[in-house]
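# Structural overview
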Amino acid sequence: MNELSPRAVPATAGCSDTPVLRERGQREVFCGLTGIVWLHRRIQDAFFLVVGSRTCAHLLQSAAGVMIFAEPRFATAIIDERDLAGLADANDELDRVVSKLIERRPEIKLLFLVGSCPSEVIKLDLSRAALRLNQRFAAENRHDLRVLSYSGSGIETTFTEGEDACLASLVPTLPALPSTSPNLMVVGTVAEIVEDQFRRLFAALGIDKVGFLPPRRAAEMPPVGPNTKFLLAQPFLAETATALERRGASRIPAPFPLGVEGTTAWFTAAAREFGVNPQHCANILEAPAARARDSLARHRVTLAGRKILFFPDSQLEIPIARFLSRELGMWLGEVGTPFLHRELMAEELDMLPAGTFLSEGQDVERQLDRCRDSAPDIVVCGMGLANPLEAEGYTTKWSIELVFTPVQGFEQAADLAELFARPLRRRAILKV
Ligand code: SF4
């Protein structure tokens, strides 16, 4: 689609060998606790108990927005001064909090103990706590309840790593694939509406044994074994992919299902792996792809020829940049990503316009200077940078919206484009 933009470069040569600027300076990112906000919506009988400080509780509250639930499905067990001073036995306190929670909320089937910086500072071993609690609940005949742990902490992390750590903690507990016939696993949180669309298309392709990780309910965990092939629906799941491979599963290499091209290639990769006739696959995908292409046309008017710059935040930067440049004619400024997993990103890098400026990690002041020099029309960044950049006159888009909004698949392609077109339209109106 780059021919629509006089400023865009041809999208043919790819970026596999493009040098990447590596920066290791000050970062402006949220920690992995943020993932709880979308994970708790996805697994409807799970509860996330952060073992952390008031700061952690505030972070969750602000990331989640103002949410008032009769029965919330996440909370923070506050580590106070007595715990930090070693005056209280934090394990006893934790057991007491969990007992009260489970007594009051018997519908919880999966309890995640989520580690934080404070729990790590006092060396509270949450994996041992989970083991101890599982044994206790089993003795009480609560075999329907499982306790797991993972860490959401970190200054050297980024906010989507929380989902990776959560899903990786689930992998060892997945049931073994009972048969020798292959199954397909879609890995990464997707909205229910997206799951339903994906299931319909896989069924039309003749791929019927399909599971989703994470599923909607704890009892629906997909089985895994050497005959499992998995497709990543999110690009930030390197640890989960490794854990699945340890259980014998193999990843289907594919771009991510963002935009028409990405979604078509994603389904086509699965179809190839499951021996679906290529012509049948093309026939099935043709109509939804054509509808999605049509729906993008109105956004192209706003986006083609505009320059976009990405600060490293969500790990979705490269696939989104690929979509915006190839299908909407946007011109790419710097595309920053917190981590560049070359193996998971290989197909995406192949599709990026040659010569795209890629950076990994952050030195925020230097990147702000580069941003000012490059004068983009729109900047994708974390919430901490958006306000100061708006104050300087830049149009911004919060990267966190890319994980809160259903964006995968054909029917969501226009919604994904709208996320970038809306702030540009708003800015244009304000200027009038
Ligand atoms: S960075 Fe650490 S202390 Fe801050 S909210 Fe995250 S886990 Fe809590």
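Not measured: the values here are computed from a predicted model. (Residues numbered from 1 in each chain as written. Predicted model: local features only at pLDDT ≥ 70, side-chain atom pairs only at ≥ 80, totals over all residues.)

This part is about the overall build of the chain. Of regular secondary structure, the chain possesses 17 helices and 14 strands. Here the C-alpha atoms of the chain give a radius of gyration of 22 Å, agreeing with the 22 Å that 2.2 N^0.38 yields for 432 residues. Structurally, the chain occupies a C-alpha span of about 65 × 55 × 40 Å along its principal axes. For the chain, with 432 residues in total, the buried portion stands at 49%. Within the chain, counting contacts between residues at least 6 apart in sequence, those at least 24 apart form 77% of the total. (Helix = DSSP H or I, 4+ residues; strand = E, 2+ residues; numbered from the N terminus. Rg over C-alpha atoms; globule rule 2.2 N^0.38 Å. Buried ≥ 20, exposed ≤ 12 C-beta atoms within 10 Å, placed from the backbone. Contact = placed C-beta atoms within 7 Å.)

This brings us to the pairing of strand 6 (residues 183-187). For strand 6, a buried count of five out of five residues is recorded, marking the element as mostly surrounded by other parts of the structure. Of the two faces of strand 6, the one lined by Asn183, Met185 and Val187 and the one lined by Leu184 and Val186 are each fully buried. Alignment of strand 6 against strand 8 (residues 228-232), held across five bridges, turns out to be parallel. In the sheet register, asparagine 183 faces strand 8, and the bridge partner there is threonine 228. Bridging between strand 6 and strand 7 (residues 210-213) involves four bridges; their strand directions are parallel. Its bridge partner being in strand 7, leucine 184 is matched across the sheet by valine 210. (Pairing = 2+ DSSP bridges.)

All right, on to the sheet that holds strand 4 (residues 110-115) then. Read from one edge of the open sheet, four strands run 3-2-4-5, paired in parallel fashion. Edge positions in the sheet fall to strand 3 (74-78) and strand 5 (146-151), since each has one partner strand and no second. Strand-to-strand twist of the sheet, defined as the mean angle between neighbouring strand axes without regard to direction, takes the value 25°. Taken together, the six bridges between strand 4 and strand 5 define a ladder with parallel strand orientation. If you follow glycine 115 over to strand 5, its bridge partner there is serine 151. (Axes fitted to C-alpha atoms, helices over the stretch in contact; angles between N-to-C directions.)

Where helix 12 (residues 317-328) meets helix 13 (residues 342-351), the closest approach of the two axes is 9 Å, and the angle between their N-to-C directions is 25°. Here helix 13 runs roughly parallel to helix 12, going by the angle between their axes. Considering the relative orientation of helix 12 and helix 13, their crossing is left-handed. Here Ile318, Pro319, Arg322 and Arg326 of helix 12 lie close against helix 13, whose contacting residues are Met345, Glu348, Leu349 and Met351. Its residues placed into classes, the contact of helix 12 with helix 13 shows five nonpolar, no polar and three charged. (Parallel < 35°, antiparallel > 145°, perpendicular 65-115°, else oblique. Left-handed = near helix turned anticlockwise from the far one by under 90°. Nonpolar A, V, L, I, M, F, W, Y, C, P; charged D, E, K, R; others polar.)

Taken together, six strands build an open sheet; the order of strands is 1-12-11-10-13-14 and the sheet is parallel. In the strand order of this sheet, the two ends are held by strand 1 (20-24) and strand 14 (396-398), each with one partner. Neighbour to neighbour, the strand axes of the sheet diverge by 20° on average, direction disregarded. Relative to strand 11 (residues 331-337), helix 12 is tilted by about 170°, and along the sheet it contacts strand 10 (307-310) and strand 11. Across the face of the sheet, helix 15 (residues 383-391) comes into contact with strand 13 (378-381) and strand 14 while running at roughly 165° to strand 14.

A few words now on the site of the ligand. Taken together, Cys31, Leu33, Gly52, Ser53, Thr55, Cys56, Leu59, Ser116, Cys117, Gly152 and Ser153 are the residues near the ligand. Sort the elements by how many residues they give to the shell around the ligand and helix 2 (residues 54-64) lands first, with three residues. (Near = placed C-beta within 6 Å.)

With respect to the helices, strands and loops of the structure, leucine 177 is situated in the loop between helix 7 (161-170) and strand 6. A residue is classified by how many C-beta atoms lie within 10 Å of it, and leucine 177, with 22 of them, is buried. Linking leucine 177 and phenylalanine 159, residues 18 residues apart in sequence, is a C-alpha distance of 31 Å. Ignoring any residue separated from it by four or fewer positions in sequence, one finds leucine 177 in contact with Asn183, Pro223, Val224, Gly225, Asn227 and Thr228.

This brings us to the packing of helix 10 (residues 259-273) against helix 12. Packing of helix 10 against helix 12 brings their axes to within 7 Å, and their N-to-C directions diverge by 120°. Taking contact as the criterion, the partners of Gly259, Val260, Glu261 and Gly262 in helix 10 are, on helix 12, Pro319, Phe323, Arg326 and Glu327.

Let us now look at unusual backbone geometry. Along the chain, leucine 213 connects to proline 214 via a cis peptide bond; the corresponding omega equals 0°. Assignment of secondary structure puts proline 214 in the loop between strand 7 and strand 8. In this model, lysine 123 sits at a positive phi of 55°, which is unusual for a non-glycine residue. With respect to the secondary-structure elements, lysine 123 resides in the loop between helix 5 (117-121) and helix 6 (126-139). By the C-beta count within 10 Å, which is 7 here, lysine 123 ends up exposed. Its identity is not glycine, yet alanine 375 carries a phi of approximately 45°, on the positive side. Within the fold, alanine 375 resides in the loop between helix 14 (364-374) and strand 13. Its 11 C-beta neighbours within 10 Å are what place alanine 375 among the exposed residues.

Another point: the domain arrangement of the chain. Accessible area lost upon the coming together of the parts serves often as the stated size of an interface. By domain assignment, the chain separates into domain 1 (2-28 + 289-431) and domain 2 (32-157). Each of domain 1 and domain 2 has a C-alpha centre, and these two points are 35 Å apart. (Domains from an automatic or database assignment.)

Okay, the pairing of strand 13 next. Because side chains alternate across strand 13, one face comprises the buried residues Ile378 and Val380, and the other comprises Val379 and Cys381, equally buried. Of the strand pairs in this sheet, strand 13 and strand 14 are connected by three bridges, and their pairing is parallel. Bridge pairing in strand 14 links cysteine 381 to tryptophan 398.

Turning next to the confidence of the model for the chain. With 94% of its residues at a pLDDT of 70 or more, the chain shows a mean pLDDT of 92. Within the model, pLDDT remains below 50 along residues 1-11, and this stretch shows 34 contacts once partners closer than five positions in the same chain are excluded. (pLDDT = per-residue confidence, 0-100.)

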